[in-house]
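Secondary and tertiary structure notes
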Amino acid sequence: MDFKLSEREELLRKSMREFAEKEIPPRMEAMEETGEFPVELLKKMGDVGILGVITPQEYGGTGMGNLARIIILEEMGRVCPAIPMALQVHHMATYALTKFGNEEQKKKYLPPLAKGETMGVMAVTDPSGGSDVAGIKTSAKLEGDVYILNGRKCFITNSHFSDFWVVVARTGEGGRGLSAFIVEKNFPGAKPGRKENKVGLRGANTGELVFQNCPVPKANLLGHEGEGMNIAIQDIVEAGRPGMASVALGILNAVLEQAVKFANERSLYGKPINTLQAIQWHIADIYADLEISRLLVYRVGWMRDNNIRCDTESALAKQFACEAAARSARKAIEIHGSYGVMKEYPVQRLLRDALVTIPAGGTGEIAKLVMARHALNMFK
Ligand SMILES: Cc1cc2nc3c(=O)[nH]c(=O)nc-3n(C[C@H](O)[C@H](O)[C@H](O)COP(=O)(O)OP(=O)(O)OC[C@H]3O[C@@H](n4cnc5c(N)ncnc54)[C@H](O)[C@@H]3O)c2cc1C
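Everything in this summary refers to the structure shown in the same document. These numbers were taken from a predicted model, which means no experiment stands behind them.

A few words now on the overall build of the protein chain. Helices and strands together make up the secondary structure of the protein chain, namely 11 helices and 10 strands. Against the globule reference of 21 Å for 380 residues, the protein chain gives a C-alpha radius of gyration of 21 Å, in line with a compact fold. Principal-axis analysis of the C-alpha atoms gives the protein chain an extent of 80 × 55 × 40 Å. Relative to its 380 residues, the protein chain shows a buried fraction of 56%. A fraction of 74% describes how many contacts in the protein chain between residues 6 or more apart in sequence connect residues 24 or more apart. Carbon and sulfur atoms make up 55% of the accessible area of the protein chain, which amounts to about 17,000 Å² in all. If the 47 positive side-chain charges of the protein chain are averaged to one point and the 45 negative ones to another, these points end up 2 Å apart.

This brings us to helix α4 (residues 66–79). With 14 residues, α4 ought to run about 20 Å at 1.5 Å a step, and its terminal C-alpha atoms sit 20 Å apart, in line with that. Summarising burial for α4: 14 of the 14 residues are buried, a large majority.

Attention now moves to the pairing of strand β4 (residues 164–170). Counted residue by residue, β4 has seven buried out of seven residues, so it is predominantly covered. Of the two faces of β4, both are covered, the one formed by F164, V166, V168 and R170 as well as the one formed by W165, V167 and A169. Here two bridges tie strand β1 (residues 122–123) to β4, and the two strands are oriented parallel to one another. Residue M122 lies in a different strand from β4, and its bridge partner there is V166. Relative to strand β5 (residues 178–184), β4 runs antiparallel, the two being bridged by seven bridges. The residue bridging V166 from the neighbouring strand is I182, located in β5.

A few words now on the site of the ligand. Close to the ligand lie 22 residues, the nearest being V124, T125, G130, S131 and T363. A distance of 2.7 Å is found between an oxygen atom of the ligand and a backbone nitrogen or oxygen belonging to G130. Here an oxygen atom of the ligand and a side-chain polar atom of E365 are 2.8 Å apart. Look at the ligand: alone it shows 980 Å² of surface, and the protein chains cover 67% of it.

If you walk through the whole model with that rule in mind, you get 29 salt bridges. Residues K22 and E23 are paired through a salt bridge, measuring 3.4 Å at the closest nitrogen-oxygen approach. Judged by its relative accessible area of 62%, K22 is exposed. For E23, a relative accessible area of 8% puts it in the buried group. A salt bridge links R352 to E32; the nearest nitrogen and oxygen atoms lie 3.1 Å apart. Here the residue R352 occupies a position in helix α10 (residues 346–357), and E32 occupies one in helix α2 (residues 25–34), the gap between them amounting to 320 residues. A cluster of three or more residues bridged by salt bridges with shared partners is formed by R13, R17, E74, E75, E291 and R294.

Cut-offs applied
Residues numbered from 1 in each chain as written. Predicted model: local features only at pLDDT ≥ 70, side-chain atom pairs only at ≥ 80, totals over all residues. Heavy atoms only, no water. Helix = DSSP H or I, 4+ residues; strand = E, 2+ residues; numbered from the N terminus. Rg over C-alpha atoms; globule rule 2.2 N^0.38 Å. Buried < 20%, exposed > 50% of the residue type's maximum accessible area, 1.4 Å probe, protein only. Contact = heavy atoms within 4.5 Å. Areas by Shrake-Rupley, 256 points an atom, 1.4 Å probe, with all protein chains shown as cover. Lys, Arg positive; Asp, Glu negative; His and termini not counted. Charge placed at Lys NZ, Arg CZ, Asp CG, Glu CD. Expected span 1.5 Å × (residues − 1). Pairing = 2+ DSSP bridges. Near = heavy atom within 4 Å. Polar contact = N/O pair within 3.5 Å; in protein donor to acceptor, adjacent residues only side chain to side chain. Salt bridge = Lys/Arg side-chain N within 4 Å of Asp/Glu carboxyl O.

So far we have only geometry, and geometry alone does not tell us how the molecule works.
Pasting the structure below:
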């Protein structure tokens, strides 16, 4: 077992840290205020190859792989977690298109995503309930050679900054009656709906997609009819949960850094508070959460790159890292005393960001169901 990153991965981390530290901070205040993703950054991300990190080279990507993707998301998240939130869903769309698209679809839709001409969208959640994928109500009825889409998707990342969306809709009964489509924004009857106003990850756009008698050509069916549930679940397991876990990992890096800096600088009773054992315990807890999360998340990247199934490991990494980010951010706020709840100090934003990672990409309870199912079968 080799825990050492390769030279290429270390170089990637270094260059991503430089990119994030240079490009993101000047845009953060506006992101926090407006709740908008800085779209002008997209082209720059395309130029450095991170939009197509899991897209094969023949479709304009860099094909660096899943562990590389995790490192990129972690480094971006260390500076501003909203950026990898948007980026990780972008990757979910590229994953779905790469894995389930036909040659024509891949040639048409993957290169603009890799270049940063538009953002990727993976729209699964209906207002009827994100956890209940089999209960999706958005419908797609075949009429001649088009499917007519009706319904609404909610909480969709990048909803207002994308030219085409991967959408899961109902073509038949039950879980086997779902199919996935590539819907272009300019198809009649397709439009983004309301924009959400989130407490955290504010710079990642979240909103609705609305379909009113929207005709989608048969050629835009992704995979086969009835394969929608499989596409949604595989995407969540192999790209969505590892992606959200990486966002949380980025947050944990920032939380430890902020906590340590403050503990070193703040003096009480004539000495820095880093000498107080209670503060040291908080720091140790945050450090442990960061290191454990990194091991869990990197393991999933390694498993994916080695084509090993990772349903349980992916659920564990997501659930653990997102909860760890929230509890560690709270501890960092406590270390800061009242400064911790002042807007000038980033720890309050990190807690808000961490809270938003918990339902995004599937809730902790659903991840625990996956883990419990696995554990309960272990000793049969
Ligand atoms: C910032 C953000 C970005 C998002 N981006 C996207 C996106 O790009 N694409 C997309 O499709 N979706 C996206 N989502 C939606 C997200 O995936 C859903 O919100 C999530 O799956 C939960 O669905 P829900 O909010 O409808 O909660 P519900 O499914 O209504 O769940 C409510 C509560 O019931 C619990 N619960 C449900 N079922 C069970 C069960 N069987 N056992 C125990 N407890 C259960 C849940 O854990 C939760 O606590 C995003 C969400 C957020 C916050």
